[in-house]
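Here's the letter readout for the chains.
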Number of protein chains: 2
Amino acid sequence: SLNLAADCNAVLKALQPIFQEQGMTETVHNWEDHGYLATYIKKNGSFANLRIHPHGLVLVDLQSYNDQMKGREEVDQLLNKVEERMKELFHGNIKRVKRLPAILRGGVIDRYWPTADGRLVEYDIDEVVYDEDSPFQNIKILHSKQFGNILILSGDVNLAESDLAYTQAIMGSGKEDYTGKEVLILGGGDGGILYEIVKLKPKMVTMVASNIDQMVIDGCKKYMRKTCGDVLDNLKGECYQVLIEDCIPVLKRYAKEGRMFDYVINDLTAVPISTSPEEDSTWEFLRLILDLSMKVLKQDGKYFTQ
Amino acid sequence: SLNLAADCNAVLKALQPIFQEQGMTETVHNWEDHGYLATYIKKNGSFANLRIHPHGLVLVDLQSYNDQMKGREEVDQLLNKVEERMKELFHGNIKRVKRLPAILRGGVIDRYWPTADGRLVEYDIDEVVYDEDSPFQNIKILHSKQFGNILILSGDVNLAESDLAYTQAIMGSGKEDYTGKEVLILGGGDGGILYEIVKLKPKMVTMVASNIDQMVIDGCKKYMRKTCGDVLDNLKGECYQVLIEDCIPVLKRYAKEGRMFDYVINDLTAVPISTSPEEDSTWEFLRLILDLSMKVLKQDGKYFTQ
């Protein structure tokens, strides 16, 4: 952005030659009160937008398909020239210059997975490991050089193989002694909590994952083995069992039977995917889970959740 | 992207009305062999690009200044229509639909801080806490809701207040006993390592930060107090001292004097900013630091670095 009220026309005149030198054809729109949009079109299919706002914001967007732009070098050279020309024009009096990395669209590998709060984040994804639609959601496992395999449910980044810290935190940050204990896990389809607790010699761990999680389990047991080890290979082990059932009827049954636990770990997704009509809102559902969990918790038992 | 070889003209004809309904003026460029670029311009200064590639990639970009687009709703409605029209045209036979969050440019707060490997990452920055140019680099401290204050040196994200894990890792992940020990820290201008070691009752910690770091120290001691506590308030404490000197002459002096350490922790930036002509390359510099560090390390001493 410029430091002074910009002379839009002067900016346009100064930058035009840079694009014309590239053999680009110019189309200019003049809004009068909203500045200019100049579109520069190259024969090979690439193009540029130069948007000049009257209060001094100048935006340059380059768009090209594959190697139409001979890669970063050509782009950098062009942007260097724009920057130089602007600095000359305003005698270096420019508030901020910023270049953003190119955004890659339409490729086989999608590297952009926005956060839950809507921020754009590009991951170093280099492989699509698993990509399936269940009746409930899309399940992707993508490989990142930095994080290992990453589980993504309907576009929401869930857990990466590097996220042991998440699992440790929901288990009480290493401060709990699970030896000989009765543990109930709600959700946890990636198997991370189950795997970590089983290592600690509990009496019995029961994990209740609904049929919504079946394909998550299928994907994770194959491709998230740093997270779940071999615990998802079978639904039963020496000191654990996995029930593929809705957790609410299971909790009700346990409460009725007087079956009690030392730990209940709620690892259900923050915004539940519900198939049953019983719960009419997210908060009702969360309250129900919490109430039922308290009923199956021993006097000195502990409840952990996100 | 579409599943079949797209009829570019059919896509253009199908989507045109959506933009025209918005009162946008159309300009179409037909490359023949590279598809279409349609530009739609609105009276209020906003505009859209519709790029149709012959092999089936269709890109829609909307650009507007401030609330020219009445926010996300209007954008979402327009994109919903594009998606619907495309699904109708290709009978749902579309490989992938992806919308990216809006990229905000020219604002007071810059939320985009690409990673060292060039990936685009948007942070939840809500405040510019510190922004100064030293003769060596730009020093910014920005507040993120998620990470606390973040130190950014010439655009490179260095350390956030939430990054205690980094400091703990470079100190040996809690497995070292610093009680009564002699420690030398190279760099570490944010004060994180110094603060954490001083808590562990060492005999003496010497931190050597060059004058390049002076303004980093100034910023951190004010605004990164979760990282450095009060250790940077004074250059000397009961069991520590901070030397503002180039570390190479200091290391040479210590080596000559026979001054030895139990720990040397090298927290210099990965790519050094050098003012002295002695080192002619990054690798030479790193080798020199390592050689000198070995000379001041006791027989059973330990050297930690990134």
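Residues numbered from 1 in each chain as written. Chains lettered and ligands numbered in written order. Predicted model: local features only at pLDDT ≥ 70, side-chain atom pairs only at ≥ 80, totals over all residues. Heavy atoms only, no water.

As named in an unreviewed UniProt entry, chain A is SPSY synthase, taken from Thalassarche chlororhynchos. Note on chain A: under the UniProt heading Sequence similarities (unreviewed entry), the record states "Belongs to the spermidine/spermine synthase family." (UniProt positions renumbered as here; feature names shortened; annotations may be inferred.)

K.L.:
Quick question: what am I supposed to make of the domain arrangement of chain A here?
P.N.:
It is common to give the size of an interface as the accessible area lost on bringing the parts into contact. Each assigned domain of chain A is listed here: domain 1 (4–90) and domain 2 (164–305). Computed from C-alpha coordinates alone, the two centres of domain 1 of chain A and domain 2 of chain A are separated by 56 Å. (Domains from an automatic or database assignment.)

K.L.:
What's the story with the packing of helix H7 (residues 247–257) of chain B against helix H8 (residues 282–295) of chain B in this structure? I'm lost.
P.N.:
A pair of packed helices is captured by two measures, namely the crossing angle of their axes and the spacing between those axes. Residue and element names in this part refer to chain B. The interhelical angle for the contact between H7 and H8, taken along N-to-C directions, is 30°, at an axis separation of 9 Å. Considering their axes alone, H7 and H8 lie roughly parallel with respect to each other. As H7 packs across H8, the resulting crossing turns out to be left-handed. Residues Cys-247, Ile-248, Leu-251, Lys-252 and Ala-255 of H7 form the contact with H8, whose own contacting residues are Phe-285, Leu-288, Ile-289, Leu-292, Ser-293 and Lys-295. (Axes fitted to C-alpha atoms, helices over the stretch in contact; angles between N-to-C directions. Helix = DSSP H or I, 4+ residues; strand = E, 2+ residues; numbered from the N terminus. Parallel < 35°, antiparallel > 145°, perpendicular 65-115°, else oblique. Left-handed = near helix turned anticlockwise from the far one by under 90°. Contact = heavy atoms within 4.5 Å.)

K.L.:
Sorry, what's going on with the interface of chain A and chain B here?
P.N.:
Each partner contributes to the interface: chain A provides 48 residues, whereas chain B provides 48 residues. The largest per-residue losses of area from chain A upon contact with chain B belong to Arg-105, Arg-119 and Leu-120 of chain A, which jointly make up 16% of the total buried on that side. The interface formed by chain A and chain B includes 4 salt bridges. Asp-61 of chain A is paired through a salt bridge with Arg-105 of chain B; the nearest N and O atoms lie 3.0 Å apart. For the pair chain A and chain B, the number of links is 26 residue pairs in polar contact (both at pLDDT 80 or more). Take the side of chain A that touches chain B: its biggest share by element is 4 residues, from strand E4 (residues 58–63) of chain A. Residue composition of the side of chain A that touches chain B, by class: 19 nonpolar, 16 polar and 13 charged. (Buried area = accessible area lost by both parts, 1.4 Å probe. Salt bridge = Lys/Arg side-chain N within 4 Å of Asp/Glu carboxyl O. Polar contact = N/O pair within 3.5 Å; in protein donor to acceptor, adjacent residues only side chain to side chain. Nonpolar A, V, L, I, M, F, W, Y, C, P; charged D, E, K, R; others polar.)

K.L.:
Hey, could you run me through the relation of the copies chain A and chain B in this one?
P.N.:
Each of the two copies of the chain can be brought onto the other by a rotation about an axis and a shift along it. Least-squares fitting of chain A to chain B yields an RMSD of 0.0 Å, with the superposition described by an axial translation of 0.0 Å and a rotation of 180°. Taken together, these values place the two copies in the relation of a two-fold axis. Of the C-alpha atoms belonging to chain A, the one lying closest to the rotation axis is found on Val-121 of chain A, 2.3 Å away. Mapped onto chain B, 100% of the interface residues of chain A are again interface residues, and the two copies thus contact each other with one and the same surface. (Least-squares fit on C-alpha atoms with pLDDT ≥ 70 in both.)

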